[in-house]
Amino acid sequence: MTLSTGLQISEPTPDNLVLSPVKQSGLADQMKAGLDAPICLTWELTYACNLQCVHCLSSSGRRDPRELTTEECEAVIDELQRMQVFYINIGGGEPTIRKDFWHLVQYAVDHGVGVKFSTNGSGIDAAVAEQLAASDYVDVQISIDGADAETNDHVRGAGSFATAVQAMEHLRSAGFEGFKISVVMTRHNIPQVDAFKAMADHYGAQLRLTRFRPSGRGADSWDELHPTDQQQRELYHWLMDHPDVLTGDSFFHLSALGEALPGLNLCGAGRVVCLIDPVGDVYACPFVLHDEFLAGSVRNEGGFQKVWQESDLFTGLREPQSAGACASCGHFDACQGGCMAAKFFTGIPLDGPDPECVLGHGETAMDSVARAEVGTDHSRTKVTLGTKPAG
Amino acid sequence: MTSLAVPFDADRAYRLHEQVALRPEPFGALAYHYGNRRLNFLRAKELVALVESLDAYESVRAAFSAAEIDPRRWPSFEKALASLAASDFLVGAADGEGAEVAA
């Protein structure tokens, strides 16, 4: 018998699993069958946002008037504490817009639930940065999508690069080591991947690269922004050369290119992760805000725990999944058929290939199907891509 | 950032880092370190019990003996504990003095 702690998750996001070289197939099976409580979960506290990024997975912009109240949020945190959820990823929208945001962060920390929150930086001034640097239990993730203002603002809006840089300057000045710089990989910014790494090193931060999904407004910008086949290959090799870069385990579909990327390489949706949205609805993962993947609500009797442990949707996701159209492909063990959300929003059946299948099976599948409708839109105004960056 | 300057040594005393929390699971336990924000899987219930008992013994080997773990399996347990120590989930007991032997 070999005992090993083996698996290390340096950031238990849906997708941020870092594996030791030890083979962990038994563990992966246990993860697929689900746990009594999520390893961590994403909680979008508000759909309100001062930006309207063209690829926003939750189509954020306007606040939903039915948002959970402060008391309801506290009750959810109490429940997460009882379930021993170590850590939550708070996002939005721009979560710092909520008037009770800092109160809720402190409430979570005081109840043994660590917090990592994602922000565009607009709420991080010098004083906030000082407070954050003083806490061991709060981690910050600054979102940028270009290594320069032109590339970033094309996707995230005018002035957003400067805002993010200022927040990072504040964090560095305050001595906050190891905050995260989070980048969604697109056709425009994959050529800048070394520049992102240099930026992270400059700020004493950790780089986190995640996959662009056709979710929310990402469905509208997918055709322009999703990486080319060649870029996917380049990214795969770059990631293999930089195992210290966090990925949220989100590029497991690239593992079909060769040796598996670090991580569990499986879809954790409804098995080890899930999402709570601003009105308390629970979805299988942050990238499937759609009725099809709605498991229940924290507002219903039994709360979050009942949804996690008993909902039909999650129970179904924990059963062995069919390899479907991918059953005859020799790479299924490596890529597991790819990302459920990416398939769903490009109109591919869930047992079909990933739209970005590195063997090209996805393109054929997309040609033959109509795209799925997107979920609820919270945009304030119609959102379109800015001026395309040169080159 | 590791507090352990020397390699794992089963003749020394160790304890769980005070910022580490354990959550029981069917396979053993999930361990989360609030300091370095890493998650580890303890993949056997015996390993969980052992880790929780470490601070009561003057050395890791003493803890193995007390838990009546078959000596043939010690190397695999040592490997697991070394991995936990490498990621700061286990720390050496203060100044190598070790903890008192449990009654």
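Check the entry above for the structure.
Residues numbered from 1 in each chain as written. Chains lettered and ligands numbered in written order. Predicted model: local features only at pLDDT ≥ 70, side-chain atom pairs only at ≥ 80, totals over all residues.

1. Section: unusual backbone geometry
In the segment running from G92 of chain A into G93 of chain A, the intervening peptide bond is cis, with an omega of 15°. By the element assignment, G93 of chain A lies in the loop between β3 (87–91) and α3 (101–110). Although it is not a glycine, D249 of chain A adopts a positive phi angle of roughly 55°. Structurally, D249 of chain A is set in the loop between α9 (229–241) and β8 (275–276). Overall, D249 of chain A belongs to the buried group, with 27 C-beta atoms counted inside 10 Å. The phi torsion at R37 of chain B lies on the positive side, around 55°, for a residue other than glycine. Among the secondary structure elements, R37 of chain B is positioned in the loop between β3 (28–33) and β4 (38–42). In this structure R37 of chain B comes out as buried when scored by C-beta crowding, with 23 C-beta atoms within 10 Å. (Helix = DSSP H or I, 4+ residues; strand = E, 2+ residues; numbered from the N terminus. Buried ≥ 20, exposed ≤ 12 C-beta atoms within 10 Å, placed from the backbone.)

2. Let's talk about the packing of helix α5 (residues 149–156) of chain A against helix α6 (residues 160–173) of chain A
For any two helices packed against each other, one specifies the inter-axial angle together with the distance between the axes. Residue and element names in this part refer to chain A. Closest axis-to-axis distance for the α5/α6 pair is 8 Å, and the angle between their directions is 110°. The angle between α5 and α6 falls in the class roughly perpendicular. Together, A149, N152, D153 and R156 of α5 and S160, F161 and A162 of α6 make up the contact between the two elements. Grouping the amino acids of the contact of α5 with α6 by side-chain chemistry returns three nonpolar, two polar and two charged. (Axes fitted to C-alpha atoms, helices over the stretch in contact; angles between N-to-C directions. Parallel < 35°, antiparallel > 145°, perpendicular 65-115°, else oblique. Contact = placed C-beta atoms within 7 Å. Nonpolar A, V, L, I, M, F, W, Y, C, P; charged D, E, K, R; others polar.)

3. What to know about the environment of V358 of chain A
All names here are of chain A. Position of V358 relative to the elements: it lies in the loop between α13 (340–344) and α14 (361–367). Judged by the 22 C-beta atoms lying within 10 Å of it, V358 falls in the buried class. Separated by 242 residues in sequence, V358 and K116 place their C-alpha atoms 32 Å apart. Beyond its immediate chain neighbours, meaning those up to four positions away, V358 contacts Q232, H253, L254, A256 and L257.

4. Let's talk about the sheet that holds strand β10 (residues 294–297) of chain A
The strands making up a sheet are joined through hydrogen bonds of the backbone, oriented either antiparallel or parallel. Residue and element names in this part refer to chain A. On the basis of which strands lie adjacent, the open sheet formed by nine strands has the order β7-β6-β5-β4-β3-β2-β8-β9-β10 and mixed pairing. In this open sheet, the two strands that pair with only one neighbour each are β7 (206–211) and β10. Relative to β8, strand β2 (residues 41–44) is paired through two bridges, and the arrangement is parallel. From the neighbouring strand, W43 faces β8, where its bridge partner is I276. Strand contacts of α3: β3, β4 (114–119) and β5 (138–143), with the helix running at about 155° to β4, the strand carrying the most contacts. (Pairing = 2+ DSSP bridges.)

5. Some remarks on the pairing of β2 of chain A
Residue and element names in this part refer to chain A. Neither face of β2 is left uncovered, since the one carrying L41 and W43 and the one carrying T42 and E44 both have all their residues buried. Bridge count between β2 and β3: four bridges; the pairing is parallel. Across the sheet, L41 pairs through a bridge with I88, a residue of β3. A crossover connection joins β2 to the parallel β3 through helix α2 (residues 70–82); in handedness this β-α-β unit is right-handed. (Right-handed = clockwise from strand over helix to strand, strands pointing away.)

So far we have only geometry, and geometry alone does not tell us how the molecule works.
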